[in-house]
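Secondary and tertiary structure notes
So you can see what is in the structure, the chains are spelled out below.
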Amino acid sequence: MRKFGLIGYPLGHSFSKKYFTAKFEREGLDTCQFDLYEIPQLSDLKMVLAENPELEGLSVTIPYKEQVIPLLDALDPACAAIGAVNCIKVNGGRLTGFNTDYIGFKDSLNAWLKGEQIQALVLGTGGASKAVKQALKDLGINYVSVSRVADAEKNQIDYQQLNQDPHYLQKHHLIINTTPLGTYPTTEQMPEINPDWITGMHKVYDLVYNPEKTFLMRSLEARGALVKNGLEMLELQAEAAWKIWN
Ligand SMILES: NC(=O)c1ccc[n+]([C@@H]2O[C@H](COP(=O)([O-])OP(=O)(O)OC[C@H]3O[C@@H](n4cnc5c(N)ncnc54)[C@H](OP(=O)(O)O)[C@@H]3O)[C@@H](O)[C@H]2O)c1
């Protein structure tokens, strides 16, 4: 049996398990299995690897995305810059870390933009925003961060500045939501962005994928913006993990 799995704690419902189990069935990969390894401390990873010598790849989720880095033998360069790992390739006991959120977002955004020259606003400064910002850097797209707390040193404005100075939305036509606002079940929420300044020039990429069309997407689409949710990113990151493991 070829084994793959997810480490984290606690592990509730898992997109990866559902995705890979369905993929293995659909593609007749009946020698492959995907398991959940709920480990209360990261030191248990050693035991998981020892007990499952057939393991070829692991996904990593909360709270180990950063903590796992010192335990790895090698790191993909983009992943080192982001400072978080969500995918490990296991090869003869050697562990290499990757960040597939970065790969999924970068590939999906690049295809969506079709080479358009554009500047971005990145809403939110959490874990996902780090992968997004590294992807923007590598695609050569300039961006300004928007947070509830401004920080001039980090080129980071707050929502008040965004809504008081029209130049931000006039100059930055790509709006990327990396906050969880609008996610089911609190679907009638969105980041504080004034729809009045949105035009047909704007594109909105929302990392949220449930619901399919978020309140942010609906509000800005009503002003003419082109919108996209995070589903493609989610699927591309899973397929990126599969490619890395194979
Ligand atoms: N589509 C995909 O494949 C994919 C991949 C990864 C993540 N995601 C989604 O992306 C979202 C963010 O994930 P994450 O891991 O980065 O989450 P996170 O670390 O919890 O942080 C998101 C950021 O959102 C901002 N934020 C949080 N609550 C807010 C509020 N009430 N009002 C305004 N801003 C708020 C915060 O930034 P400030 O403190 O700077 O305001 C926070 O750092 C989640 O919904 C996740 O499901 C999707």
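If you're wondering where the values come from, they're calculated on a predicted model, not measured in any experiment.

**Comments concerning the sheet that holds strand β8 (residues 143–147)**
Ordered by their spatial adjacency, six strands build an open sheet running β9-β8-β7-β10-β11-β12, and the pairing between neighbours is parallel. Single-partner strands in this sheet number two, and they are β9 (156–158) and β12 (226–228). Strand-to-strand twist across the sheet, computed as the mean angle between neighbouring axes with direction ignored, equals 20°. Relative to strand β10 (residues 174–177), strand β7 (residues 120–123) is paired through four bridges, and the arrangement is parallel. Its bridge partner lying in β10, leucine 121 is registered against isoleucine 175. The strands that helix α5 (residues 127–139) touches are β7, β8 and β10; relative to β7, the one it contacts most, it runs at about 165°.

**A closer look at α5**
In this model, α5 (13 residues) spans 19 Å end to end at C-alpha, consistent with the 18 Å of a helix rising 1.5 Å per residue. Those residues of α5 lying buried are Ala128, Ser129, Lys130, Ala131, Val132, Lys133, Gln134, Ala135 and Leu136. On the buried face of α5, the contacting elements are α3 (77–82), α4 (100–113), β7, β8 and β10. Two residues or fewer past α5, glycine 140 is found with a positive phi of approximately 75°.

**What about the domain arrangement of the protein chain?**
The domains assigned to the protein chain are domain 1 (2–98) and domain 2 (102–230). Each of domain 1 and domain 2 has a C-alpha centre, and these two points are 29 Å apart. Contacts between the two partners involve six residues from domain 1, matched on the other side by six residues from domain 2. Within the side of domain 1 that touches domain 2, the residues separate by chemical class into four nonpolar, one polar and one charged.

**A look at the environment of lysine 114**
With respect to the secondary-structure elements, lysine 114 resides in the loop between α4 and β7. Sequence separation between lysine 114 and isoleucine 157 is 43 residues, and the spatial gap between their C-alpha atoms is 28 Å.

**Observations concerning the pairing of β10**
Side chains of β10 alternate between two faces, with Leu174 and Ile176 and Ile175 and Asn177 buried alike. Taken together, the four bridges between β10 and strand β11 (residues 203–206) define a ladder with parallel strand orientation. Bridge pairing links asparagine 177 to aspartate 206 in β11.

**Some remarks on the sheet that holds strand β4 (residues 74–75)**
As summarised here, the arrangement of the six strands in space is β2-β1-β3-β5-β6-β4, forming an open sheet in which the pairing is mixed. If you trace the sheet from one side to the other, it starts and ends with β2 (32–38) and β4, each paired once. As judged from the seven bridges shared by strand β1 (residues 2–8) and β2, these two strands associate in the parallel manner. If you follow arginine 2 over to β2, its bridge partner there is cysteine 32. Sheet contacts for helix α1 (residues 15–26): β1, β2 and β3 (55–60); angle to β2, the most-contacted strand, approximately 165°.

**Considering the site of the ligand**
Close to the ligand lie 23 residues, the nearest being Gly124, Gly126, Ala128, Ser147 and Gly230. For the shell around the ligand, the elements supplying multiple residues, two or more each, are α4, α5 and α9 (231–245).

**Description of α9**
Here α9 spans 22 Å end to end across 15 residues, near enough to the 21 Å set by a 1.5 Å rise per residue. Among the residues of α9, Met233, Leu234, Gln237, Ala240, Ala241 and Trp245 are the ones counted as buried. The arc that holds the buried residues of α9, viewed along the axis, is 130°, so those residues lie on one side. Buried residues belonging to α9 abut β1, α1, β3, β5 (87–91) and α4.

**Some words on the nonpolar core**
In terms of nonpolar packing, the biggest core is built from 55 residues, with Val60, Val85, Val132 and Ile176 touching the most fellow members. Two domains each provide a minimum of three residues to this core, namely domain 1 (2–98) and domain 2 (102–230). Excluding residues that lie within four positions of it along the chain, valine 132 makes contacts with Phe105, Val122, Ile176 and Thr178.

So, how was this worked out
- Residues numbered from 1 in each chain as written.
- Predicted model: local features only at pLDDT ≥ 70, side-chain atom pairs only at ≥ 80, totals over all residues.
- Pairing = 2+ DSSP bridges.
- Helix = DSSP H or I, 4+ residues; strand = E, 2+ residues; numbered from the N terminus.
- Axes fitted to C-alpha atoms, helices over the stretch in contact; angles between N-to-C directions.
- Contact = placed C-beta atoms within 7 Å.
- Expected span 1.5 Å × (residues − 1).
- Buried ≥ 20, exposed ≤ 12 C-beta atoms within 10 Å, placed from the backbone.
- Domains from an automatic or database assignment.
- Nonpolar A, V, L, I, M, F, W, Y, C, P; charged D, E, K, R; others polar.
- Near = placed C-beta within 6 Å.
- Arc of directions from axis to C-beta.
- Core = buried A, V, L, I, M, F, W, Y, C linked by C-beta atoms within 7 Å.

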